[in-house]
Amino acid sequence: MPTILIIDDEASLVSSLTFALEAEGYKVHGAGTGAEGLAAVAALHPDLVLLDLRLPDRSGLEVLEALPRGENDNSSAPQVIMISAHGDTRAAVKAVKMGAADYLTKPFDLDELLAIIESALERRRMACEIDFHRRAALRDSGLVGQSPALLELAATIGRVARSGTARILILGESGTGKALVAKAIHTGSPRAAGPFIEINCASLPEQLIEAELFGAEKGAYTGAHARRAGLVALADKGTLFLDEIGELPLPLQAKLLHFLENGQYRAIGSSASQTADVRVVAATNRDLAKEAAAGRFREDLYYRLNVISLAVPPLRERGDDIGELADHFARRYAHEEGVAPIRLGAVARGLLAAYRWPGNVRELKNLIERLTILFPGREIGAAELPPEIAKVPQTASPAAAAPAVPAAPAAPAAAPREAASISDALADAERDMLLAALREHAGHKGKAADSLGISRHAFKRRLQRLGIQ
Ligand SMILES: Nc1ncnc2c1ncn2[C@@H]1O[C@H](COP(=O)(O)OP(=O)(O)OP(=O)(O)O)[C@@H](O)[C@H]1O
């Protein structure tokens, strides 16, 4: 049952409207002043507010300004209908420009009021529904974050996924989550029951990528001991995700173009054409238009791939997502390591928010993993953070919400090379701790793991990752 709040100082109007609206099945509350009205909105979270333009303590426009807004996906904001007296029309129109759903001039007809209320509530229901679907799509995709930029991305993913065939080019800096976006497109598409196959075009030399993509006959090249199916064949009825497409060697670009144009391809060493029903989603952190202009990427392939392009924003433009992602990874790594999660203090949160994150979510994820190992269960302050983050200049990001940062020389804006040095510094610290624990326990891994408060399995995984024999 929708809740309506009437903010009006005319007691007789409030009581007659309350009577009429309750008879229509609404839950109704009244408030006689702007202050009372704002308190009632905060306490009752009404679905709709009937707001008089003239109130004893302040104007209706001031109250409207102080109410939660419906923008930025805040679908819980109430719909507002202004009630104006004769001669107040200009103010009422201004209210609509400020976000009110509609206005009525006294004296008004009850049927007219009911029709306006119903259509405003319908609008709110739709906003809530869209919001619900966006958030559900985000949850299912595994993309953590609630920033307007991410919600917008989730909405676009939902729209583009539906077609099931349109090719999509995902653009964004390294580590922003392009692979997760590709997976979300697959999961939200009619191909969801089919396979999702991923290949990183930068990971293999040319001939191996060709064999990987299109398959090869036995003996087609040195080392091809058996016939192998390509990923294109494996992705039949599903989605093929070509990560780092900008790195695909030129001769292979021609073969991919041929496949995109007519759905046909040929395995290495085979004379027969094969077909596959595949949706191609590609991703790159390069400016492909520029690469094409420079002759390093085929222009025709670029246009074939770029039917719809989708930009994943860098982490530094996602505001509150940084804190939410940090908490998410803190819980996840604590669970994996079998330790208590690290806690981020206010200073650490401010510093993380102000840092530029050249390696984006991947860099944040790695940082939280290392902090979990080094300081399980501890509160993280500036001292526990790597110097590049602890010393971030306050002006580093316009969105920076950094609290007082310890006096530090203004460091230049962080560059990828610095990110590598953060990782190196943390890896060194981790290596020292692991080796010290091993030495202390005469090479006994179980005891060394116990002394660091992590499981034996986690301990061995770390040794392996750091290449410690
Ligand atoms: N919004 C997010 N929520 C949770 N995890 C995320 C999010 N974005 C990225 N990640 C994680 O960060 C890491 C990097 O993401 P991903 O590999 O998708 O980035 P990418 O843009 O494809 O990087 P590259 O261009 O280097 O291939 C992954 O482990 C991914 O799971």
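Everything numeric in this text was worked out from a predicted model, so none of it was measured.

1. So, the pairing of strand β5 (residues 102-105)
- Pairing between strand β4 (residues 79-84) and β5: 4 bridges, direction parallel. For Met82, the partnering residue across the bridge sits in β5 and is Tyr103.

2. Focus: the site of the ligand
- The local shell around the ligand holds 18 residues, among which Val144, Gly177, Lys178, Ala179 and Val361 are the closest.
- Counting only elements with at least two residues in the shell around the ligand, the list comes to α7 (178-187) and α15 (360-374).
- Residue composition of the shell around the ligand, by class: 7 nonpolar, 7 polar and 4 charged.
- Shared between two domains, the shell around the ligand holds at least three residues of each, these being domain 2 (148-311) and domain 3 (316-423).

3. Quick notes on the UniProt feature "modified residue: 4-aspartylphosphate" (unreviewed entry) in the protein chain
- According to UniProt, the positions carrying the feature "modified residue: 4-aspartylphosphate" (unreviewed entry) are Asp52.
- What makes Asp52 buried here is the crowd of 26 C-beta atoms within 10 Å.
- The contacts of Asp52, once residues within four sequence positions are left out, are Ile7, Asp8, Asp9, Gly60 and Ile83.

4. Quick word on the pairing of strand β2 (residues 27-31)
- Sheet topology places strand β1 (residues 3-7) next to β2; 5 bridges connect them, and they run parallel. In the strand pairing of β2, Ile7 is matched with Ala31.

5. Some remarks on the confidence of the model for the protein chain
- On average, residues of the protein chain score 85 in pLDDT, and 89% of them reach the 70 mark or higher.
- For this predicted complex, the interface confidence comes out at an ipTM of 0.97, alongside a pTM of 0.62.

6. As for the sheet that holds strand β3 (residues 48-52)
- Ordered by their spatial adjacency, 5 strands build an open sheet running β2-β1-β3-β4-β5, and the pairing between neighbours is parallel. Every other strand in the sheet has two partners, leaving β2 and β5 as the edge strands with one partner each. In this sheet, neighbouring strand axes are inclined to one another by 20 degrees on average, regardless of whether the strands run parallel or antiparallel.
- Sheet topology places β3 next to β4; 5 bridges connect them, and they run parallel. Residue pairing in the sheet places Asp52 in a bridge with Ile83 of β4.
- Sheet strands in contact with helix α1 (residues 11-23) are β1 and β2, and its direction is about 170 degrees off that of β2.

7. Structural notes on the nonpolar core
- By size, the foremost hydrophobic cluster in this structure holds 46 residues, and its most contacted members are Ile170, Ile185, Val232 and Leu240.
- With 6 residues, helix α6 (residues 148-161) is the single largest residue contributor to this core.
- In terms of nonpolar packing, the next biggest core, distinct from the first, is built from 31 residues, Ile7, Ile81, Ala100 and Tyr103 among them.

8. Looking at the packing of helix α13 (residues 321-337) against α15
- At a closest axis distance of 9 Å, the pairing of α13 and α15 adopts a crossing angle of 45 degrees. The orientation of α13 relative to α15 falls into the category oblique. The handedness of the crossing between α13 and α15 is right-handed. On the side of α13, the interface is formed by Ile322, Leu325, Ala326, Phe329, Ala330, Tyr333, Ala334 and Glu337, while α15 contributes Val361, Leu364, Lys365, Ile368, Glu369, Thr372 and Ile373.
- For the contact of α13 with α15, the residue count by class is 11 nonpolar, 1 polar and 3 charged.

9. Focus on the sheet that holds strand β11 (residues 278-284)
- Pairing in this open sheet of 5 strands is parallel, and the strands run β7-β8-β11-β6-β12 from one edge to the other. Two strands bound the open sheet, and with one partner strand each, they are β7 (196-200) and β12 (308-311). Taking each pair of neighbouring strands and ignoring which way they run, the sheet shows an average axis angle of 20 degrees.
- Where strand β8 (residues 238-243) lies against β11, 5 bridges are found, and the strand directions are parallel. Within the sheet, the bridge partner assigned to Phe241 lies in β11 and is Val281.

10. What to know about α6
- Look at α6: 20 Å from first C-alpha to last across 14 residues, which is about the 20 Å you get at 1.5 Å a residue.
- All of the buried residues along α6 are Leu150, Leu153, Ala154, Ile157, Val160 and Ala161. One side of α6 carries all its buried residues, which in axial view fall inside an arc of 135 degrees.

11. With respect to the environment of Asn285
- Along the chain, the position of Asn285 falls in the loop between β11 and α11 (288-293).
- The class for Asn285 is partly exposed, based on 17 C-beta atoms found within 10 Å.
- Asn285 has contacts with Gly172, Glu173 and Ser174, leaving out every residue within four places of it along the chain.

12. Thoughts on unusual backbone geometry
- Cis geometry marks the peptide bond from Lys106 to Pro107, where omega comes out at -10 degrees.
- With respect to the secondary-structure elements, Pro107 resides in the loop between β5 and α5 (110-141).
- One non-glycine residue, Trp357, adopts positive backbone phi at about 50 degrees.
- Within the element layout of this structure, Trp357 appears in the loop between α14 (346-354) and α15.
- Phi is positive for Asn360, which is not a glycine, with a value near 55 degrees.
- With respect to the helices, strands and loops of the structure, Asn360 is situated in helix α15.
- Its 24 C-beta neighbours within 10 Å are what place Asn360 among the buried residues.

Criteria and thresholds
Residues numbered from 1 in each chain as written. Predicted model: local features only at pLDDT ≥ 70, side-chain atom pairs only at ≥ 80, totals over all residues. Pairing = 2+ DSSP bridges. Helix = DSSP H or I, 4+ residues; strand = E, 2+ residues; numbered from the N terminus. Near = placed C-beta within 6 Å. Nonpolar A, V, L, I, M, F, W, Y, C, P; charged D, E, K, R; others polar. Domains from an automatic or database assignment. UniProt positions renumbered as here; feature names shortened; annotations may be inferred. Buried ≥ 20, exposed ≤ 12 C-beta atoms within 10 Å, placed from the backbone. Contact = placed C-beta atoms within 7 Å. pLDDT = per-residue confidence, 0-100. Axes fitted to C-alpha atoms, helices over the stretch in contact; angles between N-to-C directions. Core = buried A, V, L, I, M, F, W, Y, C linked by C-beta atoms within 7 Å. Parallel < 35°, antiparallel > 145°, perpendicular 65-115°, else oblique. Left-handed = near helix turned anticlockwise from the far one by under 90°. Expected span 1.5 Å × (residues − 1). Arc of directions from axis to C-beta.

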